[in-house]
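Read off the chains here:
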Amino acid sequence: MQRMLPARDTLLRNYTALAEGFVYFYLDRRDNEERTLVKTDQVALQLFWAAPDRSMQRIVGLRDASRLPNRMYYHLDHLTVVQDGFGDLIRMGDGDEVRDVPHPAAPGSDSIYEFRLADSLTLQLPSAVEPIRVYELEVRPRSVDRPAIVGSVFVDRGTADIVRMTFTFTPLSYVDDRLDHISVSLDNGLWEGRYWLPNEQTLEIRRQLPELDFAAAAVIQGRMRISDYTFNDTIPASTFIGPTVTTLSRARLEAHEFERGIYDDLNEAGLGTPAQLGDVRRQAAELLGSARLSGLPGWRLGIRSVSSAVRFNRAEGLALGMGIVHDPGPPWRIDLAAGHAFGPDRVWATAVARRQTSQTGAARLRAALRDPRDLGLRLAVPPLINTLSAVALGDDYSDIYYATGARLSFDRVVSGGLRAAIELVAERHRSARLESSSAPLGDSRFRPVLAIDDGDLSAATASISRPVPDGRARSWTASLAAELGTFAGEWYLRPTLDAAFRLASDDHSRAMLLSGSAGAVAGDVPSQRLFLLGGMNTMPGYRHRSFAGTRFGLASLEASAAVLQPWIRLRLIGAAGAVGGLEFGDPAADPEQGEPDPAFQSWGAAATDGLRVSAGAGVSLFWDLLRIDYVRGLNDGESQVMLSFHRDFWDIS
């Protein structure tokens, strides 16, 4: 395999080129496709090379935009181009991330790596008139107990020049003990019909604390494109004197006129893993068998969210928990968690075993003992806000019941980004009781805990969904699910539909979110499978969970605009919904007595009696983190002041 053709080609004296790229810093979630953008950097470079092996890069443009407060600074090589294919020894992060990993095309590499011809394919490359025929060579180390790469090298069938490399590293390659993984893709283009030179490079770096597995991890993703090559022009010899990477003054960097907006690439491609990196870790896992790919320890403490570690509500009182995560390597992962609720003086526990069944599919088995569930259609407020509100104000927006049993689920991407899933459930449900009568920091009295129908529930749920294309200015998501279940020997069917559409300006300074939900339930349904509306996050401006029924429809609108970026955004919100279908003699009623289900009757809920509408306005502060809204129910409703924070952080609060 050849890497230094330009250096050996006597007709090529030098070249210059331009490069422009984006570096994203964001938070991801391991078990879903949600990503939260923190910072975007845009960089422009001039590239210089001269025979025999002199190279230099000059950063001529650099700007950034932060969506959340941060102090992120990148290693210099995250903002530059790999001009020499890494050389004989691969280094990343200026040696702080990966250091002295042998290149598979370096002299003596056959004693370190094993090579296998995997495929023969045809590629259409920039500046190439005809498609290029290449071999894919799979590369793995002879021993995983050393620093090495794992992946593929694509070589020209005629010349053996490297056309593309996609790879990750063995765990012992990582110098930084916070590194979960690094994935790299280097693409060359055929210029002037003979020179294989950099065309595009992509990298993804995922970090997390080595001692603690949390719900979110920090990810750096870089995308660089190289173009505008000029060959055999005059380059002053002084260009190559001094550091191999230089930069202009800050004023000149910020004054650079970029061809693309700082969010253009994000709005087109989102924050999903680029296609060229999509198979890297799966392929590496197959090549290494059961060997672990992560640089993190195989056993770690685990916390799904802040509230899984510490929370307070009127049903559990103070509840503390902790977990352990075992990651033995693909395809398995095991999460164990347990805790104690001091109010009822009982333990709770969960165990989740996950197996990756394919590149885009997984199976999960979840077992639970007295797992606390919320009765509502959705959470009213973030769990952290609920704890603070319950402790200080006596306002607990949860309605807990307990579930003991197991859930088995299968999901995979089927077509066009759609994800199909099947979940089988067998659980025993039990009502919770009021364990704390008043707020610990005041005399405010708690409302009663809503009772449910105690008993055994078995169900199967089929769903198909389109996840959110994270970070784009225009995106939509939808989910259609149908649950067929039995409770106390009686059957029910519960279909639901959820959809949301987000539209933002190209610079994301203005945004609108329109969402809608609908559902119905037929058969002898337990009260915990009814639909509850009212209050925050469903129909604000009405009493919390004051409406219930066997069918519902709900639509909501949020619009915001920055007036003092990033400190203040103005917000407009509105909601409209209706719920009904629950009357004497209907499925939730006792057919012999002609009275409503006792559990439902104790709620004091009723149908909405037509469409209920609410509207309000508010502000969001500090990078849209803290939200304060005033809302009024327009149909015999009430006024409410709502305190919350950005929805991207509800799941980790």
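The structure we're discussing is the one just above.
Sequence order as written defines the numbering, with residues in each chain counted from 1. Local features in a predicted model are, by the rule used here, given only for residues with pLDDT of at least 70; side-chain atom pairs are given and counted only at 80 or more, and totals for whole chains, interfaces and linings are based on all residues. No hydrogens and no water enter the side-chain calculation; it runs on all heavy atoms of the structure.

Asks: Could you give an account of the pairing of strand 31 (residues 568–580), naming the residues involved and the relevant values?
Replies: Alignment of strand 30 (residues 551–564) against strand 31, held across 13 bridges, turns out to be antiparallel. Considered in strand 31, the bridge of A562 is made with R569. Adjacent in sequence and paired antiparallel, strand 30 and strand 31 are bridged by three residues. Strand direction decides the pairing type here: strand 31 and strand 34 (residues 612–621), joined by 10 bridges, are antiparallel. Paired with L572 across the strands is A617, a residue of strand 34. Strand pairing requires that DSSP identify at least two bridges connecting the strands. The helix and strand labels rest on DSSP assignments: H or I over at least four residues marks a helix, E over at least two residues marks a strand, and numbering proceeds from the N terminus.

Asks: Outline the sheet that holds strand 3 (residues 54–66), listing residues and values.
Replies: Strand order in the open sheet made by the 11 strands is 6-7-8-9-10-11-13-1-2-3-14, with mixed pairing throughout. The two strands at the open ends of the sheet, each matched to only one other strand, are strand 6 (113–123) and strand 14 (245–247). Neighbour-to-neighbour, the strand axes of the sheet open up by a mean angle of 20°, direction not taken into account. Inspection of the sheet shows strand 7 (residues 132–141) paired to strand 8 (residues 149–156) by six bridges, in the antiparallel sense. Residue pairing for strand 8: V139 is matched across the bridge by G151. Against the sheet, helix 4 (residues 280–288) engages strand 6, strand 7, strand 8, strand 9 (162–169) and strand 10 (179–191), with an angle of about 55° to strand 7. Think of each axis as a best-fit line through the C-alpha atoms, taken over the contacting stretch in the case of a helix, with angles from 0 to 180 degrees between the N-to-C directions. Every residue pair with non-hydrogen atoms within 4.5 Å of one another is taken to be in contact.

Asks: Lay out the environment of L293 with the relevant residues and their values.
Replies: Turning to its location among the elements, L293 is positioned in the loop between helix 4 and strand 15 (299–303). Judged by relative accessible area, L293 falls into the buried class, the value being 2%. Separated by 163 residues in the primary sequence, L293 and D456 place their C-alpha atoms 41 Å from one another. Those residues in contact with L293 that lie beyond four places of it in its chain are F169, P171, Y174, D180, R281, A284, A285, L288 and P330. Summary of the burial criterion: residues with accessible area below 20% of their type's maximum are buried, those above 50% are exposed, and those between are partly exposed, where the area comes from a 1.4 Å probe applied to protein chains only.

Asks: Give me the lowdown on the side chain of D371, citing residues and values where you can.
Replies: By the element assignment, D371 lies in strand 20 (residues 361–374). The buried category is assigned to D371, whose relative accessible area is 7%. Any pair of N or O atoms that falls within 3.5 Å is considered a polar contact. Within protein, one atom must be able to donate a hydrogen and the other to accept it, and sequence-neighbouring residues count only if both atoms are side-chain atoms. A polar side-chain atom of D371 sits 3.1 Å from a polar atom in the side chain of R373.

Asks: With reference to specific residues and values, describe the packing of aromatic side chains.
Replies: Here the aromatic set is Phe, Tyr and Trp, taking the six-membered ring for Trp, and pairing holds for ring centres within 6.5 Å; pairs whose planes are under 30 degrees apart are stacked, those over 60 apart are edge-to-face, and all others are tilted. By the definition in use, this model includes 16 aromatic pairs. Centre to centre, the rings of F86 and F167 are 6.1 Å apart; their planes meet at 75°, and the pair counts as edge-to-face. Here F86 is found in the loop between strand 3 and strand 4 (89–92), whereas its partner F167 is found in strand 9, with 81 residues between them in sequence. Each member of the pair, F86 as well as F167, is classed as buried.

Asks: Explain the pattern of salt bridges to me, and be specific about the residues and the numbers.
Replies: A pair is scored as a salt bridge if a Lys or Arg side-chain nitrogen falls within 4 Å of a carboxyl oxygen belonging to Asp or Glu. Evaluation of the coordinates by the stated rule reveals 44 salt bridges. Measuring nitrogen to oxygen at the nearest pair gives 3.1 Å for the salt bridge that ties R29 to D651. Of this pair, R29 sits in strand 1 (residues 14–29) while D651 sits in the segment after strand 36 (639–645), and the two are 622 residues apart along the sequence. Since its relative accessible area comes to 5%, R29 is described here as buried. Among the residues examined, D651 registers a relative accessible area of 33% and is labelled partly exposed. Residue D279 pairs with R282 through a salt bridge whose shortest N-O separation is 3.8 Å.

Asks: An account of the pairing of strand 35 (residues 626–633) is requested, with residue identities and associated values reported.
Replies: Residues R627, D629, V631 and G633 point to one face of strand 35 and are all buried, whereas L626, I628, Y630 and R632, pointing to the other face, are not buried. Pairing of strand 34 with strand 35, which is carried by eight bridges, proceeds in the antiparallel orientation. Residue A617 lies in a different strand from strand 35, and its bridge partner there is Y630. Hairpin connection of strand 34 to strand 35: four residues between the antiparallel strands, including F622 at a positive phi of 55°. Judged from the seven bridges that link them, strand 35 and strand 36 form a sheet pairing that is antiparallel. Bridge pairing in strand 36 links I628 to L643. Between the end of strand 35 and the start of strand 36, which pair antiparallel, lie five residues, with D636 showing a positive phi angle near 55°.

Bear in mind that shape data such as this cannot, by itself, settle questions of function.
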